[in-house]
Structure formats: C-alpha cells, structure tokens
Amino acid sequence: MSTDTATPDADSDPVGYFLDDIRYHGKSDRTRASYERVLRDFESYLADGRQPVPVQEASHRDCMAYVHSLRGNAEESTVATYASYLHRFFAYMTQVGVFESNPMTLVMEEMDESINTDPTRREIDLRSMRAFVDSVSHPLERAIVVTLLKTGMRAGELCNLDIRDLNLETPGPRPEIPVRAGLDGRPDSLFVAADPARGEACNGEERTASNKRKRETTIPVDTELGSVLRRWLAIRPDTQSPAAPLFVSTSDSWGDRLTPNMVHHIVESHAREFGWYTDGGGAEENVTPHYFRHFFTTHLRDRTGDRGVVKYLRGDVAQDVIDTYTHEWGTRVRDVYEAEIYSLL
C-alpha cells in the first residue's frame, strides 16, 4: 500500500482519493488494503484493454465484463465480494460528486436476480407451505414464520424490529408505545430500518444483528399477518429493554430480544419435522429463514410480474428507485401487495 502522505487528486487518482477518504472515516488498514487490492485490479483491467478506460469513465459494460472475467478463477463468494467493493466505491464517489453515476448499480441488480432465481433450490409449492405454517402452533414461532414468509425480510431484520416499527389499525393488546413517525398515516404496516448495526446501540439497545437494506422500507401488513401478530402481542412477555423489541424469547432468555441464531433454530426445528432440513444439506436443500426470503421473492414476483415492487419490499433497490416507490407507497406498493400476496392460513 502506498505510504505517500500527499492527498491524491480525485481526477488523476480516484482510487487513491477514495482510499484516503475511507481512512478518514475510520476504516482499518486491513479494510483499506482489501479495497485497494480490488480497485487497483479493476484499474489494471481497464488499462489493459484494447481501448484503455479511466476508472471514472467506466461504463456498465466495463464493470460487467470485469466481474465476468473473475468467474472461473475465483469462487462465487469472492466474485460477489469484489463486486460489492466496486459498488461501494462508485456509490461513494457519485455521492460526493466526483463521478456522475454508479455503473455498478445495474450489475449488482443483475447479480442479485441471478442468485434469487437459483434453480437448484428446493421448490416448495404454496399448498405445502400452508401445511408447514399450519404445523407451527406456538404464537411466537408462528409469528416469526409468517412474518418472514409475508415480508421477505432477513432474520436479522426481523430481530431488530421494535414495537414502534409496527402500526396495526386494530392494534389489540400491545404496550402503549407510539409508532415511529415514518408510519404516521400508514396503518397496517411494518417499518424496516436501514441503520441498526451489530454491536451498536439503536433506540437505546445494543443490537446483535445488522440490517442490510440500502434504505428504510415500509411493508404492508395484510389481514393474516396482522392476526398472527396480534395473537403474539397478547402473550408477549414484558422486557427490560428500553427499545421494546417486537419479538422476544419465551424460553431460557425470557423477555430478551431474539437473535438470528434463535430464529434459525426455530425454523430449523420445524423444517426438520417436515423433512425439509438435514445435517450436511446445503442451501439448495435445507429450509432456513433465508429460504423464506427466496420463497417470498419468487412467488410474489411470479404473481405480480412487477420486479420493482418486489425489489422495493426486499430493500434491494438503489436510492433513486426506492424513493419512487416510497412516494407511491399508498397506491402502487400497497395495492400490488394486497392484490397479489399469497394466503398462508
């Protein structure tokens, strides 16, 4: 890594400029070294082509070709990591006004779709999933399973939900805690924030999981999910947390916020009973909380034909797109969701 103390120029050395900035933001030397390795490799790739291209002029096709060049020489997880580093680099440089646009946005969406439609995953039809949900009787466990299946959120995002993040038009028995401002005028909805991070305090409580959304998302709550959540709230134990978590343990860690490990254990135990989980099985065979995200994505996308709405609900779209859907939340998103979301009960 360069030891030059001079501040790199954004025009002549955008990679150096970025590396300097993330140092000011407190990134570790190890993180900076990882970024430098990837970004300099990308820079060399662009320079070695038939027509050398400066990093700041890289197009969507340049980025796509670079990612493609990595395949066959690296594991898919490594390819995904390299792509995410490029995406963060271009996103930052665009945000601070050095670059005009982020050519990696479309590349990341295309990669995401290829992962979500992986044909090797176990395919479960709606009738079988209904039978699975019907077999889950405990109010907490049923609420967890139905919430994951109806919203497509990650296990960590579910664990980070607080009482204030749920706005039910008919609230039923719930603590007297006002809903967050973002839910005003949006009854029967769940708010999934983007900011909770593992090890950091949010709403007065240190979190055990990070949310991975690009931006906050408001997800409609249909009649079935609302009923399941009210049943859970009727027996939800009191908690000492100032954040008032929505989902808390009813076993050994009585009243404590659920952790992703607890959610995985709950889903795994029920999946085993259904023959949907075996030791040594991979993602293509075992049903886990992340499988429910896959189920939500494929079934809702097939029903709606609207990839934009599905990506908004998953929290996967870029800022400009998510802003559009946020403004249209009361019409397009809710209308499409309520018309097409599958019945589980």
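How each quantity is defined
Residues numbered from 1 in each chain as written. Predicted model: local features only at pLDDT ≥ 70, side-chain atom pairs only at ≥ 80, totals over all residues. Heavy atoms only, no water. Phe/Tyr/Trp six-rings, centres within 6.5 Å; stacked < 30°, edge-to-face > 60°. Helix = DSSP H or I, 4+ residues; strand = E, 2+ residues; numbered from the N terminus. Buried < 20%, exposed > 50% of the residue type's maximum accessible area, 1.4 Å probe, protein only. Pairing = 2+ DSSP bridges. Salt bridge = Lys/Arg side-chain N within 4 Å of Asp/Glu carboxyl O. Axes fitted to C-alpha atoms, helices over the stretch in contact; angles between N-to-C directions. Parallel < 35°, antiparallel > 145°, perpendicular 65-115°, else oblique. Left-handed = near helix turned anticlockwise from the far one by under 90°. Contact = heavy atoms within 4.5 Å. Nonpolar A, V, L, I, M, F, W, Y, C, P; charged D, E, K, R; others polar. Expected span 1.5 Å × (residues − 1). UniProt positions renumbered as here; feature names shortened; annotations may be inferred. Disulfide = S-S within 2.5 Å. Arc of directions from axis to C-beta.

An unreviewed UniProt entry annotates the chain as Integrase/recombinase originating from Haloarcula vallismortis ATCC 29715.

Considerations on the packing of aromatic side chains
Scanning all chains against the criterion turns up 16 aromatic pairs. Ring centres of Phe42 and Tyr66 lie 5.1 Å apart, and the angle between their planes is 70 degrees; on these two criteria the pair is classed as edge-to-face. Taken together, the residues Phe42 in helix H2 (residues 29-47) and Tyr66 in helix H3 (residues 60-70) connect sequence positions 24 residues apart. Note on Phe42: relative accessible area 1%, which makes it buried. Pairing Phe295 with Tyr342 gives two aromatic rings, centres 5.4 Å apart and planes at 80 degrees, and the pair type is edge-to-face. With a gap of 47 residues between them, Phe295 in helix H11 (residues 289-304) and Tyr342 in the segment after helix H14 (329-340) connect regions that are remote in the sequence. Residue Phe295 shares its accessibility class with Tyr342, and that shared class is buried. These aromatic residues form a ring-pair network of at least three members: Phe18, Tyr35, Phe42, Tyr45, Tyr66, Tyr85, Phe89, Phe90, Tyr92 and Phe99.

Here's the deal with the sheet that holds strand E1 (residues 166-167)
The antiparallel open sheet is built from three strands, whose spatial order is E1-E2-E5. Edge strands, defined here as strands with exactly one partner in the open sheet, are E1 and strand E5 (217-220). Bridging between E1 and strand E2 (residues 189-192) involves two bridges; their strand directions are antiparallel. Bridged to Leu166 within E2 is Leu190.

What to know about the pattern of salt bridges
One pass over the full model with this rule turns up 16 salt bridges. Close ionic contact of Arg40 with Glu43 constitutes a salt bridge, the shortest N to O distance being 2.9 Å. With Arg40 and Glu43 both in helix H2 and three residues apart, this pair spans about one turn of that helix. By relative accessible area, which is 25% here, Arg40 ends up partly exposed.

Comments concerning the environment of Met111
Tracing the sequence through the fold places Met111 in helix H5 (residues 104-116). Using a relative accessible area of 12% as the deciding quantity, one classes Met111 as buried. For the pair Met111 and Met64, spaced 47 residues apart in sequence, the C-alpha separation works out to 9.8 Å.

Some thoughts on the packing of H3 against helix H4 (residues 76-95)
Viewed as axis vectors pointing N to C, H3 and H4 meet at an angle of 155 degrees, and their least axial separation amounts to 9 Å. Taken together, H3 and H4 sit at an angle that is classed as roughly antiparallel. Relative to H4, the crossing made by H3 is right-handed. Residues Cys63, Tyr66, Val67 and Leu70 of H3 touch H4, and the partners they reach there are Val79, Tyr82, Ala83, Leu86 and Phe90. A per-class count over the contact of H3 with H4 returns nine nonpolar, no polar and no charged.

A closer look at H4
Look at H4: 28 Å from first C-alpha to last across 20 residues, which is about the 28 Å you get at 1.5 Å a residue. Burial in H4 covers these residues: Val79, Tyr82, Ala83, Ser84, Tyr85, Leu86, His87, Phe89, Phe90, Tyr92 and Met93. Count one or two residues on from H4 and you reach Gly97, which has phi positive near 90 degrees.

Examining the UniProt feature "domain: Core-binding (CB)" (unreviewed entry) in the chain
The residues that UniProt annotates with the feature "domain: Core-binding (CB)" (unreviewed entry) are residues 9-94. End-to-end, the C-alpha atoms of residues 9-94 are 16 Å apart, and along that stretch the chain is 70% helix and 0% strand.

Remarks on the state of the cysteines
By the definition in use, this model includes zero disulfides. Take Cys159: it sits in no disulfide, and the sulfur closest to it among the cysteines is that of Cys202, at 14 Å. A relative accessible area of 1% means that Cys159 is categorised as buried.

Topic: helix H10 (residues 260-273)
Its 14 residues place the ends of H10 20 Å apart at the C-alpha level, agreeing with the 20 Å of an ideal helix rising 1.5 Å per residue. For H10, the full list of buried residues reads Pro260, Val263, Ile266, Val267, His270 and Ala271. Mapping the buried residues of H10 onto a view down its axis gives an arc of 130 degrees, with all of them on the same face. Exposed and facing more than 90 degrees away from the buried side of H10 are Asn261, His265 and Glu273. Positioned one or two residues after H10, Gly275 has a phi angle of 75 degrees, which is positive.

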